Amino acid sequence: NQPGITDILNRALFRLKLTVGNAGKAIGNMKATLAEASPDSKINWLFYALLAGLAAVVLGRLSAKPVANWVRDVFAPRIPEVPTSRQQKIGYLLFRGTTFSLFAVFVAAVGSIIVVIYAGDHMPSRITGLAVVWTYMAYRLMRAIYINLLVPSVPNYRMINMDDQEAWRLYQTLLVATAISLSIIGVCVWMDHLGLDVSTHKLMLMFGSLISALLFCCIAVVHRAPVAQAIAGFGSLEEKPFWLRALARSWHVILIIYVLGAWAVSAVRLLLDQPASSGLVGAPLAVLIAALVVYGIALVAIDKLFATREPKLQLAAAPTEADEDAAPDSRDEFEVAADGEAGSVSVFKGLIEHAAALGVGFLGLAAIAQIWGINFGRHIARK
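What you see is a predicted model, and the numbers here were worked out from it, not measured in a lab.

Asks: Explanation requested: the packing of helix H7 (residues 198-222) against helix H9 (residues 242-271) in the structure shown.
Replies: Between two packed helices, what matters for the description is the angle formed by their axes and the separation of those axes. Between H7 and H9, whose axes approach to 9 Å, the crossing angle comes to 175 degrees. The angle between H7 and H9 falls in the class roughly antiparallel. Touching Lys202, Leu205, Met206, Ser209, Leu210, Ala213, Leu214, Cys217, Ala220 and Val221 of H7 are Trp251, His252, Leu255, Ile256, Val259, Leu260, Trp263, Ala267, Leu270 and Leu271, all from H9. The residue makeup of the contact of H7 with H9, split by class, is 17 nonpolar, two polar and one charged.

Below is the structure:
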């Protein structure tokens, strides 16, 4: 028989008491772990390993700078200051997001090679240097996401309805919160790889992830109005569907409930040594980013598909010299027919866009459910 929810909570509470009871030993355990990692029982190695990691990041950035400058010099002149179509906007954002991400990966690859060469056979120094490099890479990847979602520096390419000043504020706030969160997670993962005892690692991970969760909950409260405006989209809020109005007005409450609930479930799973104890809190953000990329690519494909159709309709609607000499009634019928066909194509295009949005949304929900360990296919098969 599977244990009930009460049994699970009782076991988790018992484990939590044991873990918190050992909190007084956490600092001592961390010092002991660092001392054991030292080749000479001193902690000097840590300073040099951290310095090597930072130097590796700097050298990685310097090595990638010529490539970044070349990409900017080649492609920047081809990008119009004011885009004329949605396809141009999405294409630019996807291209910039890809280049920023590749830049981060390149810096991390060069930095990792430098760390491995410096550390030699001393594995703790290698782990420490790589932790610095990979944490920085994660930060740069998140920065690439934020800057292409909010587009604070190039407002003409912003796809969401948000004021320039609010976009900058939200962007900078997210960067600070992300830097803190990734630093906390990086320290937890780093100490775990150095051999920190399980109890102290769980304590660090639980309270570190709680700090991160609370940070993003505070951001949701402070920036609830501009994000609500972005969710509602362009136009009057009162003209939007009921569900969209409700989501725009209560999104921060939904997010806070989810984040704190996901943290609680993650803590219980971590205490009970169950799988999927991490990733629940950040699952919606990861899925949202992937969904936006997929939906953006779908919109570009749809625009290209209908781009060849629209000029033909415009040409068909344009009167020729023969039309000018023709009877007024026949010319009017011709123009009405062309306008009707253009309207049908526009409606059909809208239906395809809505279908793409629904498909991406469904896949996103399925992905979140999979991260939570819920398999809809298996439940349907059982029924």
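Next comes the rest of the write-up.
Asks: Help me understand unusual backbone geometry in this model?
Replies: What you tend to see is this: most non-glycine residues have negative phi, and most peptide bonds are trans. Although it is not a glycine, Val151 adopts a positive phi angle of roughly 45 degrees. Assignment of secondary structure puts Val151 in the loop between helix H5 (123-150) and helix H6 (164-194).

Asks: Would you mind going over the environment of Ala301 with me for this structure?
Replies: Within the fold, Ala301 resides in helix H10 (residues 283-307). When the C-alpha positions of Ala301 and Gln87 are compared, they lie 8.7 Å apart, and in sequence the two are 214 residues distant.

Asks: For this particular structure, what's the right way to read a nonpolar patch on the surface?
Replies: On the surface, Phe47, Tyr48, Leu51 and Tyr118 cluster together into a nonpolar patch covering about 460 Å² of accessible area. The dominant element in the nonpolar patch, judged by the number of residues it contributes, is helix H3 (residues 44-75), at three residues. With respect to the helices, strands and loops of the structure, Phe47 is situated in helix H3. Taking relative accessible area as the criterion, Phe47 reaches 54% and is therefore assigned exposed.

What counts, and where the lines are drawn
- Residues numbered from 1 in each chain as written.
- Predicted model: local features only at pLDDT ≥ 70, side-chain atom pairs only at ≥ 80, totals over all residues.
- Heavy atoms only, no water.
- Axes fitted to C-alpha atoms, helices over the stretch in contact; angles between N-to-C directions.
- Helix = DSSP H or I, 4+ residues; strand = E, 2+ residues; numbered from the N terminus.
- Parallel < 35°, antiparallel > 145°, perpendicular 65-115°, else oblique.
- Contact = heavy atoms within 4.5 Å.
- Nonpolar A, V, L, I, M, F, W, Y, C, P; charged D, E, K, R; others polar.
- Patch = residues over 30% accessible without salt bridge, like charges linked within 9 Å, V, L, I, M, F, W, Y side chains within 5 Å.
- Areas by Shrake-Rupley, 256 points an atom, 1.4 Å probe, with all protein chains shown as cover.
- Salt bridge = Lys/Arg side-chain N within 4 Å of Asp/Glu carboxyl O.
- Buried < 20%, exposed > 50% of the residue type's maximum accessible area, 1.4 Å probe, protein only.

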